[in-house]
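Next come the chains, spelled out residue by residue.
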Number of protein chains: 2
Amino acid sequence: MEIKMGVSKSGIKPSKDYDILVLKFRPSVYSLVLTQNSLAAAPVIYDRMVSQMTDKISAIVVNSGNANAATGEEGLENAQRMAELTEDLLGIPENQSLVFSTGVIGVQLPMEKVESGIKEACENLRELDLELAARAISTTDSFPKFYRFEGNLNGKKYSIIGIAKGAGMIHPNMATMLAYIFTDVKIEKDLLDRIMKVVVERSFNSIDVDGCESTNDSFLLIATGENDIEVNEENKTAFAKDILHVATELAKMIVKDGEGATKLIQINVHNASTKEEAKKVGESIALSNLFKTAMFGNDPNWGRILSAIGQLHLDIDFSRVKLYIGDFLIYSGHPVDFDRKKTVEYLKENREVTIEIYLERGDSDWTYYTCDLTYKYVEINAEYTT
Amino acid sequence: MEIKMGVSKSGIKPSKDYDILVLKFRPSVYSLVLTQNSLAAAPVIYDRMVSQMTDKISAIVVNSGNANAATGEEGLENAQRMAELTEDLLGIPENQSLVFSTGVIGVQLPMEKVESGIKEACENLRELDLELAARAISTTDSFPKFYRFEGNLNGKKYSIIGIAKGAGMIHPNMATMLAYIFTDVKIEKDLLDRIMKVVVERSFNSIDVDGCESTNDSFLLIATGENDIEVNEENKTAFAKDILHVATELAKMIVKDGEGATKLIQINVHNASTKEEAKKVGESIALSNLFKTAMFGNDPNWGRILSAIGQLHLDIDFSRVKLYIGDFLIYSGHPVDFDRKKTVEYLKENREVTIEIYLERGDSDWTYYTCDLTYKYVEINAEYTT
């Protein structure tokens with residue numbers, strides 16, 4: 001894809017690492033999902049307005065190190081200034097760029113630094129380097145998050161690439177998940193929006209690190225249309241599946257990099273009455289501190305898993321529920337005499353583990369991802385005074 | 001009050017401490033609230049049935065060390081056996097006793113031990129010793145929880161006494177909050193039930209240790225009617241206030257004894273649109289791991305508090321919100337230049353701290369209690385393999 005990138009070290013981050021990313025591309029159809037946190041950051045408020053006015057964008061500008069959140073009128077003006085400056089410097093029409101921020105809450109952006117950083121980035125455009133782009137939007141991520149995929153539609157190849165950042169609210173006041181996925185297919189905005197809805201629910205809305213939604217969470221899906229493959233009602237399912245694959249891989253990287261996490265835990269809920277129910281069951285387990293600490297302790301504590309399901313107050317018949325940890329059947333309508341030693345070993349020896357729950361209530365499935373709750377999580381989030 | 005007590009060390013607990021409590025009293029009006037967890041324990045299912053058949057009870061029997069939860073038909077028969085044996089031994093009519101259990105999930109009760117324990121307790125009735133009674137229902141509580149109060153209605157004195165247990169799910173598979181409050185007034189069951197509803201919402205339903213609802217949670221309120229004071233529509237508010245006071249004191253003890261907690265945190269939400277909204281705001285902050293770790297780190301991190309409120313997706317105008325930690329104004333529609341050093345000191349030096357939030361949306365208030373999230377919490381819940 002013809003995507004140009006500019007990065008700079010404007011000095012917002014104390015680490016003096018890259019903190020500005022500009023991406024320029026041909027006017028493209030896009031779909032945008034923003035945080036629902038009512039303490040939405042200034043760039044979120046700005047993008048919400050702009051995205052109501054325009055169906056195509058051709059640039060994004062991101063700063064890391066400062067979230068521009070809880071910054072009032074001044075913050076909103078600064079977000080707008082970032083977008084307008086980018087549009088001016090790149091020579092693209094008004095309201096064709098979106099702006100994103102991530103970092104400290106409640107501090108105004110150092111606009112002099114930001115402006116010269118954007119200038120430097122825009123004046124030094126070059127070929128997209130996914131890894132460097134991911135690094136420029138990172139805050140306390142321990143590794144850059146990016147993914148490439150080659151899909152196949154109507155017998156022709158097409159591309160999907162994505163970058164993301166996020167590790168829970170790893171640093172005090174440092175928050176946010178950001179994700180950008182580009183594909184080169186041709187697609188109507190309306191269809192892209194519908195696909196986005198499904199994809200975001202099954203990927204970024206099905207992960208948990210600490211139950212805390214940020215003020216800046218954003219996910220942008222862009223279709224440049226450079227490829228002559230058209231996505232329509234016939235092939236949309238295959239396309240959505242590919243996009244979901246890329247989004248899920250990025251989402252899993254975020255959980256894997258969760259604060260202090262030692263394990264990525266995949267919770268597969270089977271045979272629920274509805275998708276919503278399946279998702280709720282996965283989420284309730286994923287959010288349980290008791291489950292998360294048990295996983296850290298390599299403890300196949302099925303009571304905590306069932307109790308987290310019970311807490312939803314659904315009329316679940318636990319005499320029909322089956323529960324597996326990895327391949328080990330742990331509960332089958334009643335406690336099962338399972339090989340405890342081998343199950344503990346499975347939990348101990350794998351960095352990625354699976355929990356399977358069969359509810360026997362219907363045909364709906366869902367997968368939820370979470371990580372364990374560790375000493376390191378407490379350290380990261382407590383051993384610091386702002 | 002004329003309440004007789006029997007305790008015994010039946011051997012359910014590995015510690016060999018007291019694990020059976022029997023209380024006998026005159027046939028009394030009562031109100032009962034049980035866990036809504038759909039993985040309800042056998043005694044909860046049994047009590048739910050019995051309480052639909054009888055308006056008066058004259059005994060309770062409690063065992064600690066085994067929750068009799070996820071134990072199927074056999075568990076239910078054992079719960080019934082405990083109640084019937086108690087009724088036989090005490091010479092009281094059928095269905096006039098309730099049964100409660102707390103401890104390990106998924107293990108059948110050792111009924112031989114339980115039965116001889118109940119027998120010993122029933123044959124050695126004596127004056128109620130609140131502290132010993134509290135100890136007999138404890139599992140991993142670090143201190144026994146009991147409270148006495150002398151109220152005043154219609155110019156006459158009356159008594160309220162209560163015992164409770166619970167410290168979150170402090171030990172793997174050890175769960176549950178149990179609370180029993182006795183008063184000597186005369187009251188109709190219908191009115192007691194109405195008062196119970198208010199009291200439980202404002203006390204035991206407004207505390208959090210780890211967001212996990214147990215399979216055995218139970219709260220029983222008993223009015224023996226020994227005193228000739230009658231509670232009616234005129235004096236019910238004063239009476240409810242006294243009961244709430246006792247319930248809140250017991251609830252606070254549970255949070256204070258929360259797993260690994262170093263702080264009891266009182267969250268006062270003011271000027272919400274509705275009580276429900278005020279409660280939700282308190283709860284969202286109380287459940288935030290980021291807030292709880294910040295409190296452990298003595299970090300006046302207002303961004304995490306506001307973000308937890310924002311996560312509710314209410315249309316809150318944060319430019320009108322005020323936030324205090326103790327007496328220190330931290331946020332007032334925008335970040336405030338507060339005395340950080342003194343605020344940190346306040347958090348450091350107090351075992352009980354207060355957060356005040358003013359929403360400026362209406363007249364409704366709520367108080368929610370929680371504790372901090374510490375290394376010790378992770379240790380208690382992870383450093384153990386079942």
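Residues numbered from 1 in each chain as written. Chains lettered and ligands numbered in written order. Predicted model: local features only at pLDDT ≥ 70, side-chain atom pairs only at ≥ 80, totals over all residues. Heavy atoms only, no water.

- Looking at an unreviewed UniProt entry, one finds chain A named Arginine biosynthesis bifunctional protein ArgJ, with Persephonella hydrogeniphila as its source organism.
- Here chain A is described in UniProt, under the heading Sequence similarities (unreviewed entry), as follows: "Belongs to the ArgJ family."
- Note on chain A: under the UniProt heading Subcellular location (unreviewed entry), the record states "Cytoplasm". (UniProt positions renumbered as here; feature names shortened; annotations may be inferred.)

## Focus on the overall build of chain A
So, step 1. Across its full length, chain A holds 11 helices and 14 strands.
So, step 2. Compactness check: chain A gives a C-alpha radius of gyration of 22 Å against a globular reference of 21 Å for 386 residues, within 12% of the reference.
So, step 3. With the C-alpha coordinates aligned to their principal axes, the bounding extent of chain A is approximately 70 × 55 × 35 Å.
So, step 4. As displayed, chain A offers around 14600 Å² of accessible surface, 45% of which is attributable to carbon and sulfur atoms.
So, step 5. Within chain A, the 58 negative side-chain charges are centred at a point lying 3 Å from the centre of the 42 positive side-chain charges. (Helix = DSSP H or I, 4+ residues; strand = E, 2+ residues; numbered from the N terminus. Rg over C-alpha atoms; globule rule 2.2 N^0.38 Å. Areas by Shrake-Rupley, 256 points an atom, 1.4 Å probe, with all protein chains shown as cover. Lys, Arg positive; Asp, Glu negative; His and termini not counted. Charge placed at Lys NZ, Arg CZ, Asp CG, Glu CD.)

## Focus on the domain arrangement of chain A
Residues and elements named next belong to chain A.
So, step 1. The domain architecture assigned to chain A consists of domain 1 (4-256) and domain 2 (264-382).
So, step 2. Summarising the inter-unit geometry, the C-alpha centres of domain 1 and domain 2 are found 32 Å apart.
So, step 3. Taken together, the contact pairs 16 residues of domain 1 with 18 residues of domain 2.
So, step 4. Carbon and sulfur atoms make up 53% of the area that domain 1 and domain 2 hide from each other, which totals about 1600 Å².
So, step 5. Looking at the side of domain 1 facing domain 2, the largest losses of area belong to Arg 202, Asp 208 and Lys 256, adding up to 35% of the total buried there.
So, step 6. In this structure, Lys 279 engages Glu 201 in a salt bridge whose closest nitrogen and oxygen atoms are separated by 2.7 Å. (Domains from an automatic or database assignment. Contact = heavy atoms within 4.5 Å. Buried area = accessible area lost by both parts, 1.4 Å probe. Salt bridge = Lys/Arg side-chain N within 4 Å of Asp/Glu carboxyl O.)

## Observations regarding the interface of chain B and chain A
In many analyses, interface size is given as the accessible surface area lost on bringing the parts together.
So, step 1. On the chain A side, the residues contacting the 55 residues of chain B number 55 residues.
So, step 2. Overall, the association of chain B and chain A removes approximately 4400 Å² of surface from exposure, summing both partners, and the carbon and sulfur fraction of that is 55%.
So, step 3. Seen at the junction of chain B and chain A, the total is 0 salt bridges.
So, step 4. Taken together, chain B and chain A are joined by 9 residue pairs in polar contact (both at pLDDT 80 or more).
So, step 5. At the level of elements, α8 (289-296), α9 (302-310), α10 (340-349) and α11 (375-382) of chain B are the ones that each hand at least two residues to the side of chain B that touches chain A.
So, step 6. Of the residues forming the side of chain B that touches chain A, the biggest block, 7 residues, is contributed by α9(B).
So, step 7. Residues that form the side of chain B that touches chain A fall into these classes: 24 nonpolar, 23 polar and 8 charged. (Polar contact = N/O pair within 3.5 Å; in protein donor to acceptor, adjacent residues only side chain to side chain. Nonpolar A, V, L, I, M, F, W, Y, C, P; charged D, E, K, R; others polar.)

## Some thoughts on the environment of A:Glu131
All names here are of chain A.
So, step 1. Topologically, Glu 131 is positioned in helix α4 (residues 130-136).
So, step 2. On the basis of relative accessibility, which here comes to 43%, the residue Glu 131 falls in the partly exposed class.
So, step 3. Beyond its immediate stretch of four places on either side in the chain, Glu 131 contacts Pro 144 and Phe 146. (Buried < 20%, exposed > 50% of the residue type's maximum accessible area, 1.4 Å probe, protein only.)

## Re the sheet that holds strand β12 (residues 328-332) of chain A
Note: strands within a sheet are paired through backbone hydrogen bonds, in either parallel or antiparallel orientation.
Residue and element names in this part refer to chain A.
So, step 1. A sheet is described by the order of its strands in space; here 5 strands give the open sequence β12-β11-β13-β10-β14, paired in mixed fashion. The open sheet has two edge strands with one neighbour each: β12 and β14 (364-371). Each adjacent strand pair in this sheet contributes to an overall mean axis angle of 15°, direction not counted.
So, step 2. Note that strand β10 (residues 264-272) and β14 share 7 bridges and pair antiparallel. Bridging across to β14, Val 269 finds its partner in Trp 366. (Pairing = 2+ DSSP bridges. Axes fitted to C-alpha atoms, helices over the stretch in contact; angles between N-to-C directions.)

## Section: helix α7 (residues 275-287) of chain A
Residues and elements named next belong to chain A.
So, step 1. Helix length check: α7 (13 residues) gives 18 Å between terminal C-alpha atoms against 18 Å at 1.5 Å per residue, within 8%.
So, step 2. Within α7, burial applies to Glu 277, Ala 278, Lys 279, Val 281, Gly 282, Ser 284, Ile 285 and Ala 286.
So, step 3. As for α7, its buried residues are in contact with α5 (189-202), β10, α8 (289-296), α9 (302-310), β13 (352-358) and β14. (Expected span 1.5 Å × (residues − 1).)

## Observations regarding the UniProt feature "binding site: substrate" (unreviewed entry) in chain A
Residues and elements named next belong to chain A.
So, step 1. As recorded in UniProt, the sites labelled "binding site: substrate" (unreviewed entry) are Thr 139, Lys 165, Thr 176, Glu 259, Asn 381 and Thr 386.
So, step 2. Inspection of the secondary structure assignment puts Lys 165 in strand β7 (residues 156-165).
So, step 3. Reaching out from Lys 165, the side chain makes a polar contact with the side chain of Thr 102 at a distance of 2.8 Å.
So, step 4. In this structure, Thr 176 sits in the loop between β7 and β8 (178-183).
So, step 5. Since its relative accessible area comes to 4%, Thr 176 is described here as buried.
So, step 6. Ignoring any residue separated from it by four or fewer positions in sequence, one finds Thr 176 in contact with Ser 101, Thr 102, Lys 165, Gly 166, Ser 214, Asn 216 and Asp 217.

## Observations concerning the relation of the copies chain B and chain A
So, step 1. In screw terms, the move from chain B to chain A is a rotation of 180° and a rise of 0.0 Å along the axis, fitting with an RMSD of 0.0 Å. Taken together, the rotation and translation relating the two chain copies correspond to the operation of a two-fold axis. Measuring from the rotation axis to each C-alpha of chain B, the shortest distance belongs to B:Tyr375, at 2.8 Å.
So, step 2. Of all interface residues in chain B, 100% are interface residues in chain A too; the two copies therefore contact each other through one and the same surface. (Least-squares fit on C-alpha atoms with pLDDT ≥ 70 in both.)

## A look at the side chain of B:Lys263
Residue and element names in this part refer to chain B.
So, step 1. For Lys 263, the position within the fold is in the loop between α6 (236-256) and β10 (264-272).
So, step 2. For the buried Lys 263, no salt bridge is present, and the opposite-charge side chain at shortest range is Asp 372, 4.3 Å distant.
So, step 3. One polar contact links Lys 263 to Asn 298, side chain to side chain, over a distance of 2.8 Å.

## With respect to unusual backbone geometry
Residues and elements named next belong to chain A.
So, step 1. In the Ramachandran plot, Asn 68 falls in the positive-phi region, its phi being about 45° despite a non-glycine side chain.
So, step 2. Its location among the elements puts Asn 68 in the loop between β3 (56-66) and α2 (72-90).
So, step 3. Take Asn 68: its relative accessible area is 0%, and that puts it in the buried class.
So, step 4. Its identity as a non-glycine residue notwithstanding, Asn 95 has a phi of 55°, on the positive side.
So, step 5. Mapped onto the elements, Asn 95 comes out in the loop between α2 and β4 (97-104).

## Some words on the pairing of strand β1 (residues 4-8) of chain B
Residue and element names in this part refer to chain B.
So, step 1. For β1, a buried count of 4 out of 5 residues is recorded, marking the element as mostly surrounded by other parts of the structure.
So, step 2. Pairing between β1 and strand β2 (residues 20-34): 5 bridges, direction antiparallel. By the bridge assignment for β2, Ser 8 is matched with Ile 20.
So, step 3. As defined by bridge partners, β1 adjoins strand β5 (residues 126-127) across 2 bridges and the pair is classed as antiparallel.

## Some thoughts on the sheet that holds strand β13 (residues 352-358) of chain B
All names here are of chain B.
So, step 1. Strand order in the open sheet formed by 5 strands is β12-β11-β13-β10-β14, with mixed pairing between adjacent strands. Every interior strand has two partners, whereas the edge strands, β12 (328-332) and β14 (364-371), have only one. Ignoring which end each strand starts from, the neighbouring axes of this sheet average 15° apart.
So, step 2. Judged from the 4 bridges that link them, strand β11 (residues 322-325) and β12 form a sheet pairing that is antiparallel. Residue pairing for β12: Tyr 324 is matched across the bridge by Leu 329.

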